[in-house]
Amino acid sequence: MLGALLSATGCIEEPEVASASLSGATMSADLTYYTEQLPPYNYMENGTLKGISVDLLEAVTEKMGKKVAREEINLVPWTEGYQAALTRNNTVLFVTARTPEREQLFKWVGPVYSDRYVLFAKRDRGITIESPEDLKEYQIGVIADDVAAQQLLDIGVNQSQIIPESNVSANIAGLENDEIDLWACPEDAGRYFTEEVTGNYYSYTVVYQLENQDLYYAFSKDVPDSVIQSFQQSLDAMKQEKDASGISTYDRILGRYIPSIGLAQLNYLTEEWAPFNYQEDGNVTGISVEVLEAVFKNIGVNRSRADVRIVPLAEGFQTAQNNTSTVLFSIVRTPEREPLYKWAGPFTRASFVLYAPVGSNITISSSEDLNQYRIGVVKASIENDLLTSHGVNASQIVNGQKPEDLLRMLEEGQIDMWATGDLAGRHQMLQTAADPNAYEIVYTLSENDFYYIFSKDVPDTMVGAFQQALETVRDQKDEQEVSDYERIIYRNLGVGCTGQTFTDDAVVELVNTTAAAIENNTSDTFRCINAGEAPYRDHGDPSLYVFVYDVNLTIVAHADNIQVVGKNFKGKTDVTGKPFRDEILEGALKNGTGWVDYIYMHPVQTNLYYKTTYYRLTQGSDGNSYIVCSGNYKRCENKSEATPTNNSTASPEELVAFVEKAFEYAHVNGQEAALREFNNQTGQFVDDELYIFAYDTNGSTLALPFQPEILGTNRWNTTDANGTSYIQNLVTTAQSGGGFVRYLYADPADNFTVKQKLSYVMMVNQSWILGAGIYDSQEDSPIVRVGMDPEVRESLKSFVGEAIEYANTSGKDTAIAEFNDQNGTFVRGNLYVYAFDYNGTTLALPYQPEKIGTDLSGLQDPYGVNYTKVEIFLVQQGGGFLFYHYYNPARNMTLEPKMSYVQKVDETWWLGAGTYIEDLNQTTQSY
């Protein structure tokens, strides 16, 4: 397709001796080979012909007795090779799709590989194709005479929609310039071409799969059947014969070129170093393991954490150095290690520190002080190198095999300090130390990034694909504008803080300077911002940059990431579910200027940090209003790692969202894992003053992170200062479908001072409940009023119950038709019934008929609640209430809180109905 004609013409001679496995089969003709530029099957790179079919041809013919040299193969445009195979004798064309139309034109050997033809689209187009019917509005690029064109015609695509080109470059250019909407191509070949043109295998997303197509060597009709049989037998033998690792020669060849196959053939090793990689309950887990699984999913590798093996770090290094197709993680990149491996990353960052007993009173003022102490480290770890670089004598360094060995030595006084990662050390203390709080950080050695390393025999294509998938995992956002990577880091590390490299005054000055420029010349200022020019982006410190929204929350200029320009961020959140951009808009329209705090990725470092952004409303020279913003990462003293803050800042809406996310977490991860996380003071379910508590239905305490001494005790008859049996009220409310409960309780963030507490509880299953609370909350909160109003609750339950009775009486099909009828009996003013199956597929939604048949299980509200999934879990346990935020179609899609009640009809579908909180005295439409 892209390649020029290779001038040399080649042939092969009949071998004198065939492979023993082929029982003396011979080749009776000299053959001329033709191929095209179609990576990863056959292509020219740096003057060498390579690819799956080229390597396979070389191996097959060597097995037959005489290897075909790559120089003997003619690389030509596809049409030329195809005509040669049709009209000339003793020719072979590869790789060729074997179709009914071509079946009688050639003799066939294969399949070489079965590739699937797909439709690629630009990621930012947001194109979704569910069926061939959805293709009618799109222009689709193909290669002229390629089988993809026929596949499109076969599924009903109009000929006028198909745009044929002579080469792939033209297809990609058409996609980039929006001259075509989709590009039809074999998936693996498309990935290679995409990487060649754009620099990234994953620049485009697959939006639809066409038919799988088997690819073959096509021989001209005159080639003797005995030669065809010899080729086929040799190819089949290569597919069957396996090496000591159980991998065939055929699969090894595929693995050199197809990342999903090649990466599945590697050995994955790691060490015990929590929270990055460690074993828990018999499973390998941690940040690096979750990131690895996300990479596997992105590429399509059929491997999981079950394929990762934990070994001592020294053993892992030794294995990776021996060309054993090994991946080892998590590893710090150093000059000494650099040439020994291939590298992918970084994927996260952590500090290396020295822990010492609190009572030791050790003070380290400089590196020179370190030689006074015995310092323990894991053998072969980076900590050894760091200590040496700080001038520590080898005689002062004590090696251990595992972190728990070093902690034990520290407890027993065999070492004075322990060199480890700050988070890794703390995790180990929480797991095995007699008193996790008996140790403190006395010195920081360094802060380092972590990588995956590959043994040198792993092909560069595999490492490159891994690196690009890693970047995709980090950078590609979901519907809430949060990446998989951010969610992994948040689950495992939480949120950090970092020293400011510039002042908040510098942020304000940049915003004011930019606003003045926009007021003077809007278009020219936007051009300079999007070009990343000074002063709109500080090239000395890339953390300081400006970005601009219009009053619809569409980015109109961004000095750090031009790719988001034109994208609307209304309702998008940070990783905690906070819709901070909506808060910026609200504050700007109301006050003109202000600050908003949220959580964000650092552009230079690799983790999540607390960030604060200053905004200013201004009017451009074009007469339009804009919001100019710039942010700064917050200093460490602003946040506590283990204790909720004293200030009660969470709203009832945030409280409910927090509980519902914990409810979903419990269903996804199971009771044991959930309770372990809920009881972790530094876990994801301790967020400022919010934390999760849990009880069984008899009142026994299952989770209470800041009162661990109470775990396991029964509190059924416990009362508050007013004599209220609040545990009984919590359980009863949860069993009635969930809701709010008020009582008095000691606030752990304020020296356990007794305060009024508002809690929200949900029933996880028939045996236990969970909830959370806020202190001194506002008495007149609308969401609390409607949530505690028995008339509203009973009205919703009654309406859903009536609909279920109708469905059971009339049958599913009749009921769904009735629920979707806006003039039907179950659409009563603003109140109506909606219906879904247990996969989250919409069955009834009368005011949004375009959503019927679509999967809404991935939707989140601005607080990060996966409300359809929560509804499904509630239904499966008997029904219940939930709160979430949604844009109200009755009020121009205004973002509003709402309450719904859901209940199952049978094992195939369920119903719900809801009321927006603004309509306190009437139930209104749902979704």
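Residues numbered from 1 in each chain as written. Predicted model: local features only at pLDDT ≥ 70, side-chain atom pairs only at ≥ 80, totals over all residues. Heavy atoms only, no water.

Enquirer: Would you take a moment to explain the overall build of the protein for this structure?
Expert: A count of helices and strands for the protein gives 25 helices and 39 strands. Computed over its C-alpha atoms, the radius of gyration of the protein comes to 32 Å, within 12% of the 30 Å expected for a compact globule of 927 residues. In terms of its C-alpha atoms, the protein occupies a principal-axis envelope of roughly 100 × 85 × 65 Å. Taking all 927 residues of the protein together, 56% fall into the buried category. For the protein, the share of sequence-separated contacts (at least 6 apart) that also reach a separation of at least 24 residues comes to 65%. Summing over all exposed atoms, the protein offers an accessible surface of approximately 37,600 Å²; the carbon and sulfur share of this is 44%. (Helix = DSSP H or I, 4+ residues; strand = E, 2+ residues; numbered from the N terminus. Rg over C-alpha atoms; globule rule 2.2 N^0.38 Å. Buried < 20%, exposed > 50% of the residue type's maximum accessible area, 1.4 Å probe, protein only. Contact = heavy atoms within 4.5 Å. Areas by Shrake-Rupley, 256 points an atom, 1.4 Å probe, with all protein chains shown as cover.)

Enquirer: What am I meant to see in the environment of Thr 420 here?
Expert: Following the sequence through the fold, Thr 420 ends up in strand S19 (residues 417–421). For Thr 420, a relative accessible area of 3% corresponds to the buried category. Each residue touching Thr 420, except ones within four places of it in the same chain, is listed here: Trp 273, Ser 351, Phe 352, Val 353, Tyr 355, Glu 383 and Gly 425.

Enquirer: Can you help me understand the sheet that holds strand S25 (residues 625–633) in this one?
Expert: Strand-to-strand pairing in sheets goes through backbone hydrogen bonds, with the strands running parallel or antiparallel. Here five strands make up an open sheet; going across it, the order is S22-S21-S25-S24-S23 and the pairing antiparallel. Two strands lie at the open edges of the sheet, namely strand S22 (555–558) and strand S23 (593–601), each paired on one side alone. Sheet twist, expressed as the average angle between the axes of neighbouring strands with direction ignored, equals 25°. Bridge count for strand S24 (residues 608–619) against S25 is nine bridges, and the pairing is antiparallel. The residue of S25 that forms the bridge with Thr 612 is Asn 632. (Pairing = 2+ DSSP bridges. Axes fitted to C-alpha atoms, helices over the stretch in contact; angles between N-to-C directions.)

Enquirer: Can you help me understand the pattern of salt bridges in this one?
Expert: Any two side chains of opposite charge can pair, given that their charged atoms come close. For the coordinates displayed, the defined rule picks out 30 salt bridges. Of the charged contacts in the structure, one is a salt bridge between Arg 70 and Asp 55, with a shortest N-O distance of 2.7 Å. Of the two residues, Arg 70 is situated in the loop between helix H1 (52–64) and strand S4 (73–75) and Asp 55 in helix H1; the sequence distance between them amounts to 15 residues. Glu 133 is the partner of Lys 136 in a salt bridge, and the nearest nitrogen-oxygen pair spans 3.0 Å. By sharing partners, the salt bridges in this structure join Asp 55, Glu 58, Arg 70 and Arg 256 into a single network. (Salt bridge = Lys/Arg side-chain N within 4 Å of Asp/Glu carboxyl O.)

Enquirer: Quick question: what am I supposed to make of the sheet that holds S19 here?
Expert: Spatial strand order, S14-S11-S15-S20-S16-S19-S17-S18: eight strands in an open sheet with mixed pairing. Each edge of the open sheet is held by one strand with a lone partner, namely strand S14 (308–310) and strand S18 (397–400). Taking the axes of each pair of neighbouring strands and ignoring which way they run, one obtains an average angle of 30° across the sheet. Examined bridge by bridge, strand S16 (residues 342–357) and S19 share four bridges and lie antiparallel to one another. Bridge assignment links Tyr 355 to a residue of S19, and that residue is Trp 418. Along the sheet face, helix H14 (residues 460–475) touches S16 and strand S20 (439–454) and points at about 65° away from the line of S16.

Enquirer: Please explain helix H19 (residues 652–669) as it appears in this structure.
Expert: Since the α-helix advances by 3.6 residues per turn, residues separated by three or four positions end up pointing in the same direction. Look at H19: 26 Å from first C-alpha to last across 18 residues, which is about the 26 Å you get at 1.5 Å a residue. Extensive coverage of H19 is indicated by the burial of 13 of its 18 residues. Gly 670 sits one or two residues past H19 and shows a positive phi near 90°. (Expected span 1.5 Å × (residues − 1).)

Enquirer: Help me out: how do you make sense of the pairing of S25 in this one?
Expert: In regular strands, side chains alternate between the two faces of the sheet. For S25, the tally of buried residues reaches eight of nine residues, placing the bulk of the element in the interior. Two elements, strand S21 (residues 547–550) and S25, share four bridges in a ladder whose sense is antiparallel. Across the sheet, residue Tyr 549 finds its bridge partner in S25, namely Ile 627. In this antiparallel pair of consecutive strands, S24 and S25, the connection spans five residues, and Gly 623 shows a positive phi of 90°.

Enquirer: Mind showing me how you'd approach the environment of Arg 252 here?
Expert: Considering the arrangement of structural elements, one finds Arg 252 in helix H7 (residues 249–257). For Arg 252, a relative accessible area of 27% translates into the label partly exposed. Residues Arg 252 and Lys 242, spaced ten residues apart in sequence, show a C-alpha to C-alpha distance of 9.7 Å. The residues touching Arg 252, leaving out its near neighbours within four places in the chain, are Asp 243, Ser 245, Ile 247 and Gln 265. At a separation of 3.1 Å, a polar atom in the side chain of Arg 252 contacts the side chain of Asp 243. (Polar contact = N/O pair within 3.5 Å; in protein donor to acceptor, adjacent residues only side chain to side chain.)

Enquirer: Mind showing me how you'd approach the nonpolar core here?
Expert: Across soluble globular proteins, nonpolar side chains show a tendency to be buried alongside one another. Grouped together as the largest cluster of nonpolar side chains are 137 residues, with contacts concentrated most on Leu 119, Phe 231, Leu 354, Met 417, Tyr 452 and Phe 454. Dropping the residues within four chain positions of it, Tyr 452 is found in contact with Ser 288, Val 291, Leu 292, Val 327, Leu 328, Phe 329, Lys 342, Trp 343, Ala 344, Phe 347, Phe 466 and Leu 470. Ranked by size, the runner-up nonpolar core spans 75 residues in total, among them Phe 685, Ile 783, Val 827 and Ala 835. (Core = buried A, V, L, I, M, F, W, Y, C linked by side-chain atoms within 4.5 Å.)

Enquirer: Is there a simple way to think about the packing of aromatic side chains in this case?
Expert: Both the distance between ring centres and the angle between the ring planes are used here to describe each pair of aromatic rings. With the rule as written, the count across this model stands at 53 aromatic pairs. Here a set of aromatic residues connected by ring pairs shows up, and it is made of Trp 78, Tyr 82, Phe 106, Trp 108 and Tyr 216. Sitting above the plane of the Tyr 250 ring, Lys 239 keeps its charged end 4.9 Å from the centroid. Above the plane of the ring of Phe 826 lies Arg 828, whose end atom (NZ or CZ) is 5.5 Å from the centre. (Phe/Tyr/Trp six-rings, centres within 6.5 Å; stacked < 30°, edge-to-face > 60°. Lys NZ or Arg CZ within 6 Å of the ring centre and 35° of its normal.)

Enquirer: So what exactly am I meant to see when it comes to the confidence of the model for the protein here?
Expert: Interpretation of this model should avoid reading the predicted coordinates in detail wherever pLDDT is low. The share of residues in the protein with pLDDT of 70 or more is 90%, and the mean pLDDT across the chain is 86. Low pLDDT, under 50, characterises residues 921–927; the predicted model gives this stretch 42 contacts beyond four residues in sequence or across chains. (pLDDT = per-residue confidence, 0-100.)

Enquirer: Would you mind showing me how to read unusual backbone geometry here?
Expert: With the exception of glycine, most residues fall at negative phi, and the peptide bonds are largely trans. Here the residue pair Ala 274 and Pro 275 is connected by a cis peptide bond, since its omega of 5° sits within 30 degrees of zero. Along the polypeptide, Pro 275 turns up in the loop between strand S11 (267–270) and strand S12 (278–280). In this structure, Pro 346 follows Gly 345 across a cis peptide bond, with omega equal to 0°. Within the secondary structure, Pro 346 sits in strand S16.

Enquirer: It is not clear to me how the side chain of Lys 757 should be interpreted in this structure. Could you clarify?
Expert: Relative to the assigned elements, Lys 757 resides in strand S31 (residues 753–765). Only 3.3 Å separates the side chain of Lys 757 from the side chain of Tyr 775, close enough to count as a polar contact. Beyond its immediate chain neighbours, meaning those up to four positions away, Lys 757 contacts Tyr 691, Phe 693, Val 741, Arg 742, Tyr 743, Tyr 745, Gly 773, Ile 774 and Tyr 775.

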